[in-house]
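Structural overview
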Amino acid sequence: VAGVLYGRYPGDSYDGGNPWILLTASVATLLYRQSEVLAKGATVPADSAQILGSLLSQDVSAASLLAAGDTVLLRMKKFLTNGLHMNEQIDR
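One numbering rule holds for all chains: residues counted from 1, following each sequence as written. Reporting of local features is limited, given that this is a predicted model, to residues whose pLDDT is at least 70; pairs of side-chain atoms are given and counted only at 80 or more, and all residues count toward the totals for whole chains, interfaces and linings. Hydrogens and water are ignored here; the side-chain numbers use all heavy atoms of the structure.

One speaks of a salt bridge when a side-chain nitrogen belonging to Lys or Arg is within 4 Å of a carboxyl oxygen belonging to Asp or Glu. Tallied over the entire structure, the rule returns two salt bridges. Between D12 and R8 there is a salt bridge, and its shortest N-O distance comes to 2.8 Å. In this structure D12 comes out as buried when scored by relative accessible area, which is 10%. The closest approach of N and O atoms between K40 and E36, which form a salt bridge, is 3.3 Å. When accessible area is computed with a 1.4 Å probe and restricted to protein chains, residues below 20% of their type maximum are described as buried, those above 50% as exposed, and intermediate ones as partly exposed. You can call K40 exposed: its relative accessible area is 68%. The class for E36 is partly exposed, based on a relative accessible area of 42%.

Before going further, it helps to examine the nonpolar core. To form a nonpolar core, buried Ala, Val, Leu, Ile, Met, Phe, Trp, Tyr and Cys residues must be joined to one another through side-chain atoms within 4.5 Å. Membership of the largest hydrophobic core is limited to seven residues, which are A28, L31, L38, L56, L65, A68 and V72. Only α1 (21–39) and α3 (62–79) provide two or more residues apiece to this core. We call two residues contacting when some pair of their heavy atoms lies within 4.5 Å. When neighbours within four sequence positions are excluded, L31 is seen to be in contact with L65, A68, G69 and V72. Grouped together as the second largest cluster of nonpolar side chains are five residues, L5, I21, M76 and I90 included. Each helix corresponds to a stretch of at least 4 residues labelled H or I by DSSP, and each strand to a stretch of at least 2 residues labelled E; elements are numbered beginning at the N terminus.

These figures capture arrangement, not role.
Written out as structure tokens, the structure is:
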């Protein structure tokens, strides 16, 4: 499954240092919101487009940001094996 799970910061060891559900879902929300803004005609500044493009491994577009948000949530869903109950951290 593609997608990335997000923790609080590099080297975080609080309660095992596992990825956090809230942060991961927030990243997906941000990607969805940016996708919507682009779909309505906004443009991405060149420096931001370069950074986002390297993270997405493709050109930045409404469709690529939407797909990135989907992959983040699909990755998160893979680890929610207890009826989609969401603990603070994945694997807790």
